[in-house]
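Structural overview for review
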Amino acid sequence: MKLQRFAHTLLAAAVLFSACATAIAQDAWPTRPLKLIAPFAPAGPIDQAGRVIALKLQDALGQPVVVENVAGAGGAVGMARLAQSPGDGYTVALGHVGSLSIGPHLNPKVGFDPQKSFAPITLLADYANVLVVNAGEPYASVAELIKAARENPGKIAYSSSGIGSSNHLSGELLAAMTGVKLTHIPHRGSAPAMLDLIGGRVNFMFDVLLNSMPNLQAGKLRALAVTNNSGLNKLPGVPPLSRTVPGDEVLGWVALLAAAGTPPRVVERLNLEVGKVMKLPDVVAQYATVGFDVRTSTPAELQALIKKDLDLWGPLIKAAGIKSE
């Protein structure tokens, strides 16, 4: 009997020890390096934004944060990789409006559910597009551009970096909200789209300020509007598009996510540490160099933003009959 009691005591102690060890291990997270998936090729704006975070985050967490570029399908390949990863917080990824709120409407077989496959951590930044015309065009305002489009259905053309890109959909939204017919000329990237605009083969383009600014400064382009409601500090005097077309606001964004099932305490820790990193002056400055304005959020706010933009772009993509290339 005494031996049996002793065995039960040992078993209870072992169970207690195992539970304590598990709790200690969880509290000690992270105990090994993290991987940050950048779903685009190296050197692009989102890749650069991720590397800034990785360097700062490894100091905060005491573990290396290794950036892995998994490019393809407008960010969908990288996000699918995250969706297939264990929900332990050791793999995170940079999502953006294109991969999470636009892409799933263009291709239902992206390999993930933007609302169920991930554990949102925090928004990192947002950015606005700028509506630019060739400097040789006669349009001095958005109102004049819309008037020309109304008087010449289908003859006013705009270029974009590709079908389903935010600058393409910015044009589709403008057409839908004003009732004009525009002609879309897609390209494989912003650089050739911009060359078409500078060469006078199209009339206008929506693009990020980072790409447009050198040509604005050189006098090759003229900015008519920006797609946020507050304007851009680097373009004083250029009005929001919504001033002419009420309700027409388009904001791109970049965010950090983990795989679904990641423990809430890990999400909270990452949200806390990344929030601190994003307040650092050098981080704000580095994000500004690639055209991003730092803006963080709670996980719930990020989840709501993903849904809001899913609801915005879904009906537009369906009504316009847009499909992925």
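Within each chain, residue numbers correspond to sequence positions counted from 1 in written order. A pLDDT threshold of at least 70 governs which residues receive local features in this predicted model, and a stricter bar of 80 or more applies before side-chain atom pairs are shown or counted, although totals over entire chains, interfaces and linings include all residues. Derived side-chain values reflect all non-hydrogen atoms in the structure, with water molecules and hydrogen atoms excluded from consideration.

When helices and strands are tallied, the protein shows eleven helices and ten strands. Relative accessibility decides the category of a residue: with a 1.4 Å probe and only protein chains considered, values under 20% of the type maximum give buried, values over 50% give exposed, and everything between is partly exposed. Relative to its full complement of 325 residues, the protein shows a buried share of 49%. In what follows, residue pairs with any heavy atoms lying within 4.5 Å of each other are defined as contacts. Long-range pairs, those at least 24 residues apart, make up 77% of the contacts in the protein with a sequence separation of at least 6. Per-residue and other accessible areas follow the Shrake-Rupley method at a 1.4 Å probe size, with only the shown protein chains counted as cover for residues. For the protein, the exposed area adds up to about 15,100 Å²; of that, 59% sits on carbon and sulfur atoms. Labels follow the DSSP assignment, with helices taken as runs of H or I lasting at least four residues and strands as runs of E lasting at least two, numbered in each case from the N terminus.

It is the rolling of a water-molecule-sized probe over the atoms that shows where space remains empty. Buriedness of a pocket was judged along seven lines, with at least five required to meet protein on both sides within 12 Å; pockets are open sets of points on a 1 Å grid over the protein atoms alone, cavities are sets where a 1.4 Å probe fits but cannot get out, and lining residues have an atom within 4 Å of a point. Grid points are joined across faces, edges and corners, and a volume is the space filled by probe spheres set on the points. Approximately 1,200 Å³ is the volume found for the largest pocket. What lines the largest pocket is a set of 44 residues, among which Phe 40, Gly 74, His 96, Ser 161 and Ser 165 lie closest to the centre. Taken together, the elements giving at least two residues each to the lining of the largest pocket come down to α2 (45–61), α4 (97–106), β4 (118–134), α6 (166–178), β7 (204–208) and α8 (209–217). For the lining of the largest pocket, the element with the most residues is α4, which contributes seven residues. In this count, Pro and Cys sit with the nonpolar residues alongside Ala, Val, Leu, Ile, Met, Phe, Trp and Tyr, while Asp, Glu, Lys and Arg are called charged and the others, Gly among them, polar. Class assignment of the residues belonging to the lining of the largest pocket gives a composition of 20 nonpolar, 21 polar and three charged. Taken together, 15 residues form the lining of the second largest pocket, with Leu 209, Lys 234, Ala 288, Gly 291 and Asp 293 sitting closest to its centre. In the lining of the second largest pocket, the residues fall into ten nonpolar, three polar and two charged.

Any two of the Phe, Tyr and Trp rings considered here, Trp counted by its six-membered ring, make a pair once their centres fall within 6.5 Å; the pair's planes then place it as stacked at under 30 degrees, edge-to-face at over 60, or tilted in between. Scanning the model with the defined rule gives six aromatic pairs in all. With a centroid separation of 5.2 Å and an interplanar angle of 35°, the aromatic rings of Tyr 127 and Phe 292 are classed as tilted. Of the two residues, Tyr 127 sits in strand β4 while Phe 292 sits in the loop between α10 (281–289) and β10 (293–294), which places them 165 residues apart along the sequence. The two residues Tyr 127 and Phe 292 agree in class, both being buried. Connected via pairs of aromatic rings, a cluster forms that spans Tyr 127, Tyr 287 and Phe 292.

Its location among the elements puts Leu 235 in the loop between β8 (221–226) and β9 (251–259). Put simply, Leu 235 and Leu 216 are 19 residues apart on the chain and 9.9 Å apart in space, counted from C-alpha to C-alpha. Excluding its chain neighbours within four sequence positions, the residues that come into contact with Leu 235 are Val 130, Leu 209, Met 213, Leu 216, Ala 223 and Val 226.

On to helix α7 (residues 190–198). Listed in full, the buried residues belonging to α7 are Ser 190, Ala 193, Met 194, Asp 196 and Leu 197. Projected onto a plane normal to the axis of α7, the buried residues spread over an arc of 155° and lie on a single side. What points out from α7, more than 90 degrees from its buried face, is the exposed set Ala 191 and Leu 195. Phi turns positive one or two residues past the end of α7, at Gly 200, with a value near 80°. As used here, the arc is the angular range of directions from the helix axis to the C-beta atoms.

Overall, the coordinates contain one cavity of 30 Å³ or more when judged by the stated rule. Roughly 30 Å³ of volume is contained in the largest cavity. As for the largest cavity, its lining consists of Leu 145, Ile 146, Ala 149, Leu 174, Thr 178, Val 180, Leu 182 and Phe 204. Mapped by element, the contributors of at least two residues to the lining of the largest cavity are α5 (142–151) and α6. If you tally residues by element for the lining of the largest cavity, the top one is α5, at three residues. Among the residues forming the lining of the largest cavity, the class breakdown is seven nonpolar, one polar and no charged.

Turning our attention to the environment of Pro 64. Following the sequence through the fold, Pro 64 ends up in the loop between α2 and β2 (65–69). Measuring from C-alpha to C-alpha, the distance between Pro 64 and Lys 35 comes to 8.4 Å, with 29 residues separating the pair along the chain. In this view, Pro 64 contacts Pro 33, Leu 34 and Gln 58; residues no more than four positions away in its chain are not counted.

Attention shifts here to the pairing of strand β5 (residues 157–160). Residues Ala 157 and Ser 159 point to one face of β5 and Tyr 158 and Ser 160 to the other, with burial holding for every one of them. By the bridge criterion, four bridges tie β5 to strand β6 (residues 183–186) in an arrangement that is parallel. If you follow Tyr 158 over to β6, its bridge partner there is His 184. Here is how to tell: hold the view so the strands point away, follow the path from the first strand over the helix to the second, and if it runs clockwise the crossover is right-handed. This β-α-β element, β5 to α6 to β6, shows right-handed connectivity. When DSSP finds at least two bridges between two strands, those strands are taken to pair.

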